[in-house]
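The residues making up each chain are set out below.
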Amino acid sequence: MARWCYRHRLVVLVLWVGALFGLGVAGTSAGTDYANNLSLPDTDSTRAYDLMAKAFPERSGDTDTVVWRVSDGSVRDDAVRSRIEPALKEIAGMPGVGEVTDPYAAGPAGAAQISGNGRIAYAQVTFTEQANEVPKELVQDVVDTAQGAERAGLQVELGGQAITRIQEPPTGTAEIVGILAAAIVLFLAFGSLFAMMLPLVVAIFGVGTAMLATMLLSHTVNVPEVAPLLGSLIGLGVGIDYALFIVTRHRRGLLRGLEPEEAAVRALNTSGRAVLFAGGTVCIALAGMLVMNMRFLDGVVVATTLTVVLSVLAAVTLLPALLGVLGPRVLSRRQRRKLAVTGPVPEESNGLAARWSAYVQRRPRSVALGAVVVMAVLALPVLSLRLGATDQGNHQESTTTRQAYDLLAEGFGPGFNGPLQVVTDTGNSGNTADLMDRIRATEGVAQVAAAPPANGVSVIQVVPTTSPQSVETDRLIDRLRDDVIPASGVEAHVGGVTAISKDFASVTSDRLPYFIAAIIGLGFVLLLIAFRSLVVPLTAAVMNLIAAAASFGVLVAIFQWGWGTELLGIGKEGPITAFLPVIMLSLLFGLSMDYQVFLVSRMHEEWVHTRDNARAVRVGLAETSRVINCAALIMICVFSAFVLSGDMEGAMAGIGLAAAVALDAFVLRTAMVPAVMHLLGRSNWWLPDWLEKRVPHLAVEAPESTEAAEVQGRREPVADGSDGASGGAASVVHGFIRTTEGEPVADAVLTLMSPGGSQLDRVTSLADGSYILAVPAPGGYLLAATARGFEARARHVRVADAPLVYDVELAPEGADAVT
């Protein structure tokens, strides 16, 4: 497929562009129909909601609030009424506004809309459509008209879902900032403008088509408003990272002398297969949310899974087409000039990554202990995790919705922003008046009012003394359900937004252990099949749990404890959104699996060649840590940018996932995992014989050394006229380079050459003097070693079918030097 896409690149580009624009036209024409359905079957709040729908079937439009306060006097003063009443009448006459309740109207209903001290009042504006369907121009007109009545000493603020929409930053702000930050990281990593653009273009096409398709699906599937935001968040992260892995392998092939087409095909055959495995793992992890049996999460699963699928599809089809368009320009100008002058040179594992890998090998206990301490400290706040729901009280202080929320709490009590509804079916209930008396006498109740029965249903509105997000409000709901209502003999149910949020959080907490067990078990099985080991997947499972605990600890400290919320511009602290742990755990599991597979697959390949665990872990870490850290840095930039989304759930998910990726990549995968694997030794690769026979074989990625050997074996003829490969398989030469006194020589350059003098492979020795060279096939070769302060040395070596262990000594005198 990669070769076909490369050769028919114009066709592939036209198909992708056509799909993007076609979905754009269809999505724009159809609009969206997002719905936030937090209700759960078989919960008390859902039964209350169903009865409310029976009583008031005509209630459809979004209801927002206009709140005003005077600094002196009363809101009843003529000077205040003369400014507020005309504004309310103008709003009531706007097309799209169904009704405006006037606190100055005669009767008890109007009087109830004025606070006890007479300084705060509110009016309710009911639109004819739900918040998502109300035109932003109409909402802005309402806001401008209401706030136009302000004067010195008269403050006017507005709250509600429709008002919240016009406060949000322009759509795409977070995505654009994340893409720009990722572009900087990619340019620093590649040093090439064209190479930098490739992952960005692939991610944009993948996310763009997915978001437009989600718009269309919202008309047939219950998709919540937050789903597209989460989809774009995860899509940009994985889309850029997957393309990064493939482009990195493609550039490596070009540097080794492959033609652009062959380099692209090999990149897709190796890293492309790993991307398919990683993308499938993320999709399976996201599908694990279905274990929760929550309709709200079904739409999230659809949006996020579709985004990952299209991002993977773009990486394996659109990317090879773009590689065909660019050709060798994927390399920087400096790399192309060097390649033309010096010829193909394999990528070397040296520098900081190699030194860090050697340090981990020397001090695995210290590294593991340090990583454990860091993760444990960050995980401590998770012990006070409290699930709930955010509301407009969590908005930034500068927003009109937050100020309206605070004014209502000041004038009518903190519980006014989240009243409870006790709903009864009058045909099946007892004495409703007695129930009202009992509720009024209950601790934590500020006000009780009953609406006239409608369609055989009575609704009692209960205003708590505490805010909707308070623990005391949750306790009040429990007291009403467990004590007050049963004692009255009336069959009633407690509903309202606050009660629904509490039930959602409770159900989530109850089902979360099953969800965690499902995704951890799935990851264990996948890694068991991929690496044919019991210890590697067990280690990965423990690491995933540690990463989750630490990332949730960061979330609690910032969003629940309020450490730095105003500094980050994300408003007031509150409980963690109830559905967020499920979504974050799914995404974290998938992303962690990506890094684990990428890291351990290289270690496993080295283990298969040498059966030396220490070397396998050291070489695997040295060769993959740079790409893993670069990919993680890109994801951190993308996720952190979602603080600018204007959505509290999006900000939570962005900060939580950014923290999780940072800790996973920089602490776990590059420190704790290799340190633990050094301590475990050969036990890492243990698998019982009886299980070995039953586990299917799965090659996540084509072996790198085999790929290199095939390239070199095809390119370099030997002196006898053969191709250097006696029809045998590729192998390696490995060992240590030391002084005559036995001291290791670091940073020595070892080169493997054909008998004719052509370079086949070249590496730099690690801190302990170890090295490994790829051999195309059994036969005779020349091994040369050079190091600063020593004379060059060269020896003929003969490699059979098995790896050759060959140690080299360097003497300062240079007695055996070869010039």
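Residues numbered from 1 in each chain as written. Predicted model: local features only at pLDDT ≥ 70, side-chain atom pairs only at ≥ 80, totals over all residues. Heavy atoms only, no water.

### Some words on the overall build of the protein
Here is the rule: Here a helix means four or more residues in a row that DSSP labels H or I, a strand means two or more in a row labelled E, and each is numbered from the N terminus. Categorising residues by exposure relies on relative accessible area from a 1.4 Å probe, with only protein chains included: less than 20% of the type maximum marks a residue as buried, more than 50% marks it as exposed, and the intermediate range marks it as partly exposed. Contacts are assigned to residue pairs that have any heavy atoms within 4.5 Å of one another. Note on areas: these come from Shrake-Rupley sampling with a 1.4 Å probe, and a residue is covered only by the protein chains present in the view. In this count, Lys and Arg are taken as positive residues and Asp and Glu as negative ones, while His and the chain termini are left out. Working definition for charges: the position is that of NZ of Lys, CZ of Arg, CG of Asp or CD of Glu.
A count of helical and extended segments in the protein gives 26 helices and 18 strands. Taken over the C-alpha atoms alone, the protein extends approximately 110 × 50 × 45 Å along its principal axes. Here the protein holds 819 residues, and 57% of them are scored as buried. Long-range pairs, those at least 24 residues apart, make up 77% of the contacts in the protein with a sequence separation of at least 6. Within the structure as shown, the protein displays about 33300 Å² of accessible surface, and the carbon and sulfur contribution to it stands at 58%. If you average the places of the 60 positive and of the 77 negative side-chain charges in the protein, the two averages end up 9 Å apart.

### Regarding the packing of helix 10 (residues 226-255) against helix 12 (residues 295-326)
Threshold: Where helices are involved, their axes are fitted lines through C-alpha atoms of the stretch in contact, as for all axes, and angles between N-to-C directions lie from 0 to 180°. Oblique is the label for any angle not under 35 degrees, not over 145, and not in the 65 to 115 range, which are roughly parallel, roughly antiparallel and roughly perpendicular in turn. Two helices crossing with the near one rotated counterclockwise from the far one by less than a right angle form a left-handed crossing, whereas a clockwise rotation gives a right-handed crossing. Residues are grouped as follows: nonpolar covers Ala, Val, Leu, Ile, Met, Phe, Trp, Tyr, Cys and Pro; charged covers Asp, Glu, Lys and Arg; every other residue, Gly included, is treated as polar.
It is at 8 Å that the axes of helix 10 and helix 12 come closest, and there the two elements cross at 25°. Here helix 12 runs roughly parallel to helix 10, going by the angle between their axes. Handedness of the helix 10/helix 12 crossing: right-handed. When its residues are assigned to classes, the contact of helix 10 with helix 12 shows 17 nonpolar, eight polar and no charged.

### Let's talk about the nonpolar core
A general tendency of soluble globular proteins is for nonpolar side chains to be buried together. What counts is decided by this rule: Put simply, buried Ala, Val, Leu, Ile, Met, Phe, Trp, Tyr and Cys residues joined by side-chain atoms within 4.5 Å make one nonpolar core.
Counting 162 residues, the largest nonpolar core has Y242, M289, L297, F559, I634 and F639 as the members making the most contacts within it. With 19 residues, helix 24 (residues 648-680) is the single largest residue contributor to this core. The residues touching F559, leaving out its near neighbours within four places in the chain, are T565, I570, E573, G574, I576, M648, A651, M652 and I655. V66, A123, V142 and A146 belong to the second-largest nonpolar core, a separate cluster that totals 31 residues.

### A look at the pattern of salt bridges
So the rule is basically this: Salt bridges are identified by distance alone: a Lys or Arg side-chain nitrogen within 4 Å of an Asp or Glu carboxyl oxygen.
Evaluated as defined, the whole model comprises 17 salt bridges. Between E262 and R266 there is a salt bridge whose closest N-O contact spans 3.6 Å. Taken together, the residues span about one helical turn, with E262 and R266 both in helix 11 (residues 260-287) at a distance of four residues. On the basis of relative accessibility, which here comes to 23%, the residue E262 falls in the partly exposed class. Accessibility expressed as a relative area gives 15% for R266, which makes it buried.

### Here we look at the sheet that holds strand 8 (residues 457-464)
Heads up, the rule is: Strands were regarded as paired on the criterion that DSSP finds at least two bridges between them.
Spatial ordering of the open sheet is given by 7-8-6-9, a layout of four strands whose pairing is antiparallel. At either margin of the open sheet sits one strand with a lone partner, and together these are strand 7 (445-454) and strand 9 (492-495). Put simply, the sheet's adjacent strands are angled 20° from each other on average, direction ignored. The sheet contact formed by strand 6 (residues 420-425) and strand 9 spans four bridges and is antiparallel. Bridging across to strand 9, Q421 finds its partner in G495.

### Observations concerning empty space enclosed by the protein
Keep this limit in mind: Space inside and on the surface of the protein is sampled on a 1 Å grid over the protein atoms alone, with a cavity defined as a set of points where a 1.4 Å probe fits but cannot get out and a pocket as an open set with protein on both sides within 12 Å along at least 5 of 7 lines; lining residues have an atom within 4 Å of a point. Grid points are joined across faces, edges and corners, and a volume is the space filled by probe spheres set on the points.
Evaluated as defined, the whole model comprises two cavities of 30 Å³ or more. Taken as a whole, the second largest cavity spans an internal volume of roughly 40 Å³. Around the second largest cavity, the lining residues are I519, I520, G523, F524, L527, P537, A540, A541, N544, F589 and M593. Elements represented by at least two residues in the lining of the second largest cavity include exactly helix 19 (497-531), helix 20 (535-560) and helix 22 (580-610). Taken together, the residues that form the lining of the second largest cavity break down as nine nonpolar, two polar and no charged.

### Quick word on the packing of aromatic side chains
Put simply, the rule is: Centres within 6.5 Å make a pair out of two Phe, Tyr or Trp rings, where for Trp the six-membered ring is used; the pair is then stacked when the planes are under 30 degrees apart, edge-to-face when over 60, and tilted otherwise. A ring is considered to have a charge above it if a Lys NZ or an Arg CZ atom is located within 6 Å of its centre and within 35 degrees of its normal.
Within this structure, the stated rule accounts for eight aromatic pairs. Judged by centre distance (5.3 Å) and plane angle (85°), the rings of Y122 and F412 are edge-to-face. On the criterion of sequence distance, the pair formed by Y122 in strand 3 (residues 120-127) and F412 in helix 16 (residues 400-412) is long-range, its members being 290 residues apart. Among the residues examined, F412 registers a relative accessible area of 10% and is labelled buried. When the centroid spacing of 5.8 Å and the interplanar angle of 15° are considered together, the rings of W607 and W685 count as stacked. With a gap of 78 residues between them, W607 in helix 22 and W685 in the loop between helix 24 and helix 25 (689-692) connect regions that are remote in the sequence. By the burial criterion, W607 is buried, and W685 matches it. Between R9 and the ring centre of Y6, over which it is positioned, the NZ or CZ distance is 5.3 Å.

### Here we look at the packing of helix 23 (residues 613-640) against helix 24
The N-to-C vectors of helix 23 and helix 24 enclose an angle of 175°; their axes lie 9 Å apart at closest approach. With respect to helix 24, the element helix 23 is oriented roughly antiparallel. Grouping the constituent residues of the contact of helix 23 with helix 24 by class yields 17 nonpolar, seven polar and two charged.

### A closer look at a nonpolar patch on the surface
Our working rule: A patch consists of residues exposed above 30% relative accessible area that lack any salt bridge, with like charges linked at up to 9 Å and nonpolar side chains (Val, Leu, Ile, Met, Phe, Trp, Tyr) linked at up to 5 Å.
On the surface, I184, F187, L188, L193, F194 and M197 cluster together into a nonpolar patch covering about 600 Å² of accessible area. Elements with a minimum of two residues in the nonpolar patch: helix 8 (173-190) and helix 9 (193-217). On the secondary structure map, L188 appears in helix 8.

### Section: a positive patch on the surface
A grouping of R333, R334, R337 and K338 is seen on the molecular surface, where their side chains present a positively charged patch. Relative to the assigned elements, R334 resides in helix 13 (residues 333-342).

### Structural notes on the sheet that holds strand 3
Each strand in a sheet pairs with its neighbour through backbone hydrogen bonds, running either in the same direction (parallel) or in the opposite one (antiparallel). Taken together, four strands build an open sheet; the order of strands is 2-3-1-4 and the sheet is antiparallel. Bordering the open sheet on either side are strand 2 (97-100) and strand 4 (154-159), each of which pairs with just one other strand. Averaged over all adjacent pairs, the angle separating strand axes in this sheet is 20°, with direction ignored. As paired strands, strand 2 and strand 3 are joined by three bridges and run antiparallel to one another. Note on strand 3: the bridge partner recorded for V100 is V125. Against the sheet, helix 6 (residues 136-147) contacts strand 1 (63-70), strand 2, strand 3 and strand 4, and its axis sits at roughly 160° relative to strand 4.

### Quick look at helix 6
Keep this limit in mind: For a helix, the expected span equals 1.5 Å multiplied by the number of residues minus one. Within this analysis, the arc is defined by the directions that extend from the helix axis to the C-beta atoms.
Over its twelve residues, helix 6 runs 16 Å from end to end, which matches the ideal 16 Å to within 8%, given 1.5 Å per residue. Within helix 6, burial applies to L138, V139, V142, V143, T145 and A146. Seen along its axis, helix 6 keeps its buried residues to an arc of 170°; they face one direction. Its buried side turned inward, helix 6 meets strand 1, helix 4 (78-92), strand 2, strand 3, strand 4 and helix 7 (161-167).

### A short note on a negative patch on the surface
A grouping of E90, E137, D141 and D144 is seen on the molecular surface, where their side chains present a negatively charged patch. Within the secondary structure layout, E137 lies in helix 6.

### A word on unusual backbone geometry
Residue D747 is not a glycine yet carries a positive backbone phi of 60°. With respect to the helices and strands, D747 occurs in the loop between strand 11 (731-739) and strand 12 (749-753). Judged by relative accessible area, D747 falls into the exposed class, the value being 52%.

### Concerning the state of the cysteines
Spelled out, the test is: In what follows, a disulfide is any cysteine sulfur pair within 2.5 Å.
Inspection of every chain in the model, using the stated rule, returns zero disulfides. Just so you know, C283 is unpaired, no disulfide at all, and the nearest cysteine sulfur is the one on C5, 19 Å from it. Counting only cysteine sulfurs, C637 is the nearest neighbor of C630, a cysteine outside any disulfide, at a range of 9.6 Å. Relative accessible area serves as the criterion here: at 14%, C630 is assigned to the buried category.

### A short note on the environment of C630
Tracing the backbone shows C630 in helix 23. For C630, the contacting residues outside a window of four places in its chain are V185, A189 and L244.

### Quick notes on the side chain of T624
Along the chain, T624 falls in helix 23. Setting aside chain neighbours within four positions, we find T624 in contact with F598, L599 and R602.

Geometric values such as these leave the question of function open.
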